[in-house]
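Here is how the chains run, residue by residue.
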Amino acid sequence: MDFLIDSARAEDAPALARTLLAAWLQTYPNRDAGINEAWIQAHRGEVVTSEGIAQWQGFIEEVERRPGRRFCRVVRHGDEIVGFLCGRRAEAVSLGPMYMLRQAQGRGIGRQLMAAFLAWADDESISLWVTAYNERAISFYKHYGFEDTGERQMWRDRLPNVRMTRAGDAKRREDQP
């Protein structure tokens, strides 16, 4: 069965919520940080409640209404959503959330999602937050020209995050010798 990158639809909201929680459960447990399944359920479990699903549905509807301001692509595998990448454009472009379940990793799908996102972002600078111990994600973002800004944030007093930015295409061309 193939993987398909597609626009998110309002009816995808429950599946997006489940995928987000599943990705957190796969990605973030960390004994040193004191993050286990119970902590994740306590701090992210609300995403699969009716309120959390309604937030996803609202975001997707906004993507449909304002495609120049909101971005969201999903990875479909049969009837499941196994990954997604969303973003926003306000004063600047922000990337996130982006998650891929293990079954979708290592297949080039993340590269395809990023290519679609970078095309949407045009030549603008992009910023994101990534968990400091998520080395796979940090390496992925570095491959696309994102750099650590040195800015740090502790989410819910436990999850250490790093700010990364990618200069817009015009700025990157200026910096090349």
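Above this text you will find the structure in question.
The following paragraphs examine the structure supplied in this document. (Residues numbered from 1 in each chain as written. Predicted model: local features only at pLDDT ≥ 70, side-chain atom pairs only at ≥ 80, totals over all residues. Heavy atoms only, no water.)

1. Details of helix α2 (residues 37-44)
By the burial criterion, the buried members of α2 are Trp 39, Ile 40, His 43 and Arg 44. Projection of α2 onto a plane perpendicular to its axis shows the buried side chains occupying an angular sector of 100°, all on one side. Exposed side chains of α2 directed beyond 90 degrees from the buried face belong to Glu 37, Ala 38 and Ala 42. Packing partners of the buried residues in α2 comprise α1 (13-27), β6 (147-155) and β7 (159-166). One side-chain oxygen of the residue at the start of α2 lies 3.1 Å from the amide nitrogen of Ala 38, identifying that residue as Asn 36. (Buried < 20%, exposed > 50% of the residue type's maximum accessible area, 1.4 Å probe, protein only. Helix = DSSP H or I, 4+ residues; strand = E, 2+ residues; numbered from the N terminus. Arc of directions from axis to C-beta. Contact = heavy atoms within 4.5 Å. Polar contact = N/O pair within 3.5 Å; in protein donor to acceptor, adjacent residues only side chain to side chain.)

2. A short note on the packing of α1 against helix α3 (residues 50-65)
The geometry of α1 relative to α3 is characterised by a closest axis approach of 8 Å and an angle of 115° between their N-to-C directions. Where α1 crosses over α3, the two elements pack in a sense that is right-handed. Of α3, the residues touching α1 (which contributes Ala 13, Pro 14, Leu 16, Ala 17 and Leu 20) are Ile 53, Trp 56, Gln 57 and Ile 60. Partitioning the contact of α1 with α3 into residue classes produces eight nonpolar, one polar and no charged. (Axes fitted to C-alpha atoms, helices over the stretch in contact; angles between N-to-C directions. Left-handed = near helix turned anticlockwise from the far one by under 90°. Nonpolar A, V, L, I, M, F, W, Y, C, P; charged D, E, K, R; others polar.)

3. Details of unusual backbone geometry
Most peptide bonds take the trans configuration, and most residues that are not glycine carry a negative phi. The omega torsion across Gly 96 and Pro 97 is 5°, close enough to zero to call that bond cis. Looking at where Pro 97 falls in the secondary structure, it is placed in strand β4 (residues 93-100). Despite not being glycine, Asp 122 shows a phi value in the positive range, around 60°. Note that Asp 122 resides in the loop between α4 (109-121) and β5 (126-131). Asp 122 gets classed as exposed once you look at its relative accessible area, which sits at 52%. One non-glycine residue, Asp 157, adopts positive backbone phi at about 65°.

4. Focus: the nonpolar core
Counting residues in hydrophobic clusters, the biggest one holds 53 residues, and the most contacted among them are Trp 56, Leu 95, Phe 117, Tyr 141 and Phe 146. When residues in this core are grouped by element, the largest group, eight residues, is from α1. Not counting the four nearest positions on each side in its chain, Tyr 141 is found in contact with Leu 95, Met 98, Met 114, Leu 128, Val 130, Phe 146 and Met 164. (Core = buried A, V, L, I, M, F, W, Y, C linked by side-chain atoms within 4.5 Å.)

5. Considerations on the pairing of β4
Within β4, six of the eight residues are buried, which leaves the element mostly enclosed by the surrounding structure. Here strand β3 (residues 80-89) pairs with β4 via six bridges, running antiparallel. Following the sheet pairing, Leu 85 is matched in β4 by Met 98. A loop of three residues connects β3 with β4, the two strands running antiparallel in sequence. (Pairing = 2+ DSSP bridges.)

6. Observations regarding the pattern of salt bridges
Under the defined criterion, the tally for this structure stands at ten salt bridges. Between Glu 124 and Arg 89 there is a salt bridge; the shortest N-O distance is 2.8 Å. Note that Glu 124 is positioned in the loop between α4 and β5 and Arg 89 in strand β3, a separation of 35 residues in sequence. Among the residues examined, Glu 124 registers a relative accessible area of 27% and is labelled partly exposed. One salt bridge connects Glu 151 with Arg 163, and the closest N-O pair in it is separated by 3.7 Å. (Salt bridge = Lys/Arg side-chain N within 4 Å of Asp/Glu carboxyl O.)

Note that all results are geometric; they support no functional claim without further evidence.
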